[in-house]
Amino acid sequence: PALEPVEELRIGSVDGAAETQFVRISHVIPNGDGSIWIYDVGAYRISVFDRAGRFVRSFGQRGSGPGEVTSSIAVILLQRDSVLVFERGRLHCVPA
């Protein structure tokens, strides 16, 4: 028998609030507390959603200073409140 996909959660929208719109998602990180962290490399931000898919907060912006990102290669969640961002020639922690 064929398997049929069942939608359990939807995050993001085309016409909704700005914090639920994405440019280019590069990483989706599930957290141990049920939240979902999404790195939108096109918007240079990390957005956090609760287990029901509701927007909680976002952080980060384009740049090379503290709390800023340029183009990530990998993003790793640390201790539920910050992320480790690997970029070309740079490794840094971005607090939420």
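Details of the structure are given in the entry above.
Structural notes, computed from the coordinates. Please read these numbers as outputs of a predicted model, since none were measured by experiment.

## Things to note about the overall build of the chain
Across its full length, the chain carries 0 helices and 9 strands. Secondary structure elements of the chain occur, N-terminal to C-terminal, as β-β-β-β-β-β-β-β-β. Residue pairs at least 24 apart in sequence account for 31% of intrachain contacts in the chain once pairs closer than 6 positions are excluded. Surface summary for the chain: the accessible area is close to 6,200 Å², and the carbon and sulfur share equals 53%.

## Regarding the pattern of salt bridges
Applying the stated criterion across every chain, the model contains 2 salt bridges. The closest approach of N and O atoms between Arg10 and Glu7, which form a salt bridge, is 2.7 Å. Under the relative-accessibility criterion, Arg10 is labelled exposed at 59%. With a closest N to O distance of 3.0 Å, Asp50 and Arg54 form a salt bridge.

Basis of the calculations
- Residues numbered from 1 in each chain as written.
- Predicted model: local features only at pLDDT ≥ 70, side-chain atom pairs only at ≥ 80, totals over all residues.
- Heavy atoms only, no water.
- Helix = DSSP H or I, 4+ residues; strand = E, 2+ residues; numbered from the N terminus.
- Contact = heavy atoms within 4.5 Å.
- Areas by Shrake-Rupley, 256 points an atom, 1.4 Å probe, with all protein chains shown as cover.
- Salt bridge = Lys/Arg side-chain N within 4 Å of Asp/Glu carboxyl O.
- Buried < 20%, exposed > 50% of the residue type's maximum accessible area, 1.4 Å probe, protein only.

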